[in-house]
Amino acid sequence: MSYPILEIDLKKIYQNAFTLNSKCLGQNISVSGVIKGANGLIEIAKEFEKANLAHIASSRIRELIEVYNSDITLPTMLVRIPMKSEIENLVKYVDISLNSELETIIEIEKECKKQGKTHKVILMFDLGDLREGYFLEENIIKTALYIENNLEFVKLHGIGSNLSCYGSVVPTKTNLTTLCNIATKIENKINRNLDIISGGATTSVPLLFKNKIPKKINNLRIGEAILLAVDLEEFWNVDMSDMYKDAFILKAEIIEIKTKPSHPIGKLFIDAFGNKPIYTDIGKRKRALLALGKKDIGDHDKLIPIDKNIKVVGSSSDHLIIDIEDTTEFYNIGDIIKFKMYYQAMLFSSASPDVSIKFKYNTL
Ligand SMILES: *Cc1c(COP(=O)(O)O)cnc(C)c1O
């Protein structure tokens, strides 16, 4: 197996999924396990199923088709608004989708009729994050009623919202209550309960832990908090001590070790990506160059060296520069450096054709 290697500990992912699911179920909230952060790896979806999550979710139909073709029996959920051009596959392979355009939903109805299948939709409402979803209450209610009263094959499954993605808006009791109130209005008009009121993603978990999620919310769509579990502790001050934060370990090989100045020499302009980084002169430092680059990880500051005395200095497409001046370890050419990571590095490394993926089982 060639380096770089992304080592994925499936037992830790199972355990994280189980732990978070138990906490959610304790508040009558089902969990849709979102696999898109790890390129939809089927091995991960299988752990989600073992941990009894409610759905396997992704933004990419390709990943859900792989789930469909596996022995996984959990219902699948497309969490990106479907393209009109993918409706045939949507109806064929996916059970539930998040939607915000009646025009598209009507196309889904036609395709369902053609294939003799039903499809469940969750209508999205925009609580202010300004990505997907109806912005006006009257419009989401109108679409809900249209589906309920006019469509035969498309089933109104529920409503949902997404926060913190574009607008960085924090999920609160107040904005989620707005979603619940819309759900109640729809339920009163259709004379039945909606099956799903989906109150967001990983960033809604802090509210859950503080017992502040409105009672009516009965589903969350969670990826990061299960796979990596690093964001909530780091940025949201949430105690995640009962979750594993090292289910994903990236291992890269040292190809050069030299002592060099910390400030570039010559007239500075822009780097390989057109940016103008700031370089601080801290004198000569011992550095290692790793065979790993932006192409594999995105931004280098999304890596967390396991040796705490190593500092990530910079990167280009195919190289990563680390400072090893302060470490007590003795590193040689050919040695392997290990990193934990934030979401972006998982997203890129799990999908990079140059990164080998290695699964670990039963390691707790
Ligand atoms: C990606 C996504 C999620 C999952 O997000 P995490 O931060 O990984 O929990 C949930 N819902 C939607 C609509 C998404 O696009």
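On a predicted model such as this, the values are computed, not experimentally measured, just so you know. (Residues numbered from 1 in each chain as written. Predicted model: local features only at pLDDT ≥ 70, side-chain atom pairs only at ≥ 80, totals over all residues. Heavy atoms only, no water.)

The next thing to look at is the site of the ligand. Around the ligand sit 14 residues, and of these K36, T202, R221, G223 and E224 come closest. N162 places a polar side-chain atom, nitrogen or oxygen, 3.4 Å from a nitrogen atom of the ligand. Taken by itself the ligand offers 390 Å² of open surface, and the protein chains cover 90% of this. For the shell around the ligand, the residue count by class is 6 nonpolar, 3 polar and 5 charged. (Near = heavy atom within 4 Å. Polar contact = N/O pair within 3.5 Å; in protein donor to acceptor, adjacent residues only side chain to side chain. Areas by Shrake-Rupley, 256 points an atom, 1.4 Å probe, with all protein chains shown as cover. Nonpolar A, V, L, I, M, F, W, Y, C, P; charged D, E, K, R; others polar.)

Glancing now at the domain arrangement of the protein. Much of the literature gives interface size as the accessible area that the parts lose upon coming together. With domains assigned, the protein is organised as domain 1 (10-235) and domain 2 (248-360). The straight-line distance from the C-alpha centre of domain 1 to that of domain 2 is 36 Å. At the interface, 17 residues of domain 1 touch 11 residues of domain 2. Together domain 1 and domain 2 conceal approximately 1200 Å² of surface at their shared face, both sides included; 71% is due to carbon and sulfur atoms. Along the contact surface separating domain 1 from domain 2 lie 0 salt bridges. At the boundary of domain 1 with domain 2, the tally comes to 4 residue pairs in polar contact (both at pLDDT 80 or more). For the side of domain 1 that touches domain 2, the secondary structure elements donating two or more residues are α1 (10-25), α2 (42-50), α9 (224-227) and α10 (231-236). Of the residues belonging to the side of domain 1 that touches domain 2, the class tally is 9 nonpolar, 2 polar and 6 charged. (Domains from an automatic or database assignment. Contact = heavy atoms within 4.5 Å. Buried area = accessible area lost by both parts, 1.4 Å probe. Salt bridge = Lys/Arg side-chain N within 4 Å of Asp/Glu carboxyl O. Helix = DSSP H or I, 4+ residues; strand = E, 2+ residues; numbered from the N terminus.)

Turning to the pairing of strand β7 (residues 154-160), a few remarks are in order. The element β7 is extensively covered by neighbouring structure, given that 6 of its 7 residues are classed as buried. Relative to strand β8 (residues 196-198), β7 is paired through 3 bridges, and the arrangement is parallel. Directly across from I159, in β8, lies its bridge partner I197. Crossover β7 to β8 through helix α7 (residues 173-190) is right-handed. (Buried < 20%, exposed > 50% of the residue type's maximum accessible area, 1.4 Å probe, protein only. Pairing = 2+ DSSP bridges. Right-handed = clockwise from strand over helix to strand, strands pointing away.)

Judged by side-chain polarity, L130, F135, L136 and Y166 come together as a nonpolar surface patch covering roughly 480 Å² of accessible area. As for its position among the elements, L130 is in the loop between β6 (119-124) and α6 (137-150). (Patch = residues over 30% accessible without salt bridge, like charges linked within 9 Å, V, L, I, M, F, W, Y side chains within 5 Å.)

So, about α6. For α6, built from 14 residues, the straight-helix expectation of 20 Å at 1.5 Å per residue is met to within 8% by its first-to-last C-alpha distance of 20 Å. All buried positions along α6 are accounted for by I140, I141, T143, A144 and I147. Buried residues of α6 fall within an arc of 160° about the axis and therefore sit on the same side. In α6, the exposed residues that point more than 90 degrees away from the buried face are E138, K142 and N149. Elements in contact with the buried residues of α6: α5 (102-115), β6, β7 and α7. (Expected span 1.5 Å × (residues − 1). Arc of directions from axis to C-beta.)

This part covers the environment of I226. For I226, the location among the structural elements is in helix α9. Residue classification places I226 among the buried residues on the basis of a relative accessible area of 0%. Distance from I226 to N16, taken between C-alpha atoms, is 5.2 Å for residues 210 residues apart in sequence. Each residue touching I226, except ones within four places of it in the same chain, is listed here: I13, N16, A17, L20, V31, F48, L53 and M243.

As a further point, take a positive patch on the surface. A surface patch of positive charge is lined by K173, K210, K212 and K215. Looking at where K215 falls in the secondary structure, it is placed in the loop between α8 (205-209) and β9 (219-222). On the accessibility criterion, K215 (82% relative accessible area) is exposed. (Lys, Arg positive; Asp, Glu negative; His and termini not counted. Charge placed at Lys NZ, Arg CZ, Asp CG, Glu CD.)

The next subject is the nonpolar core. With 100 residues, the main nonpolar core has I44, F48, I159, F248 and I322 as its most contacted residues. Ranked by residues supplied to this core, first place goes to α7 with 7 residues. Judged by nonpolar contacts, the second largest core, of 10 residues, contains A57, M77, I96 and I122. (Core = buried A, V, L, I, M, F, W, Y, C linked by side-chain atoms within 4.5 Å.)

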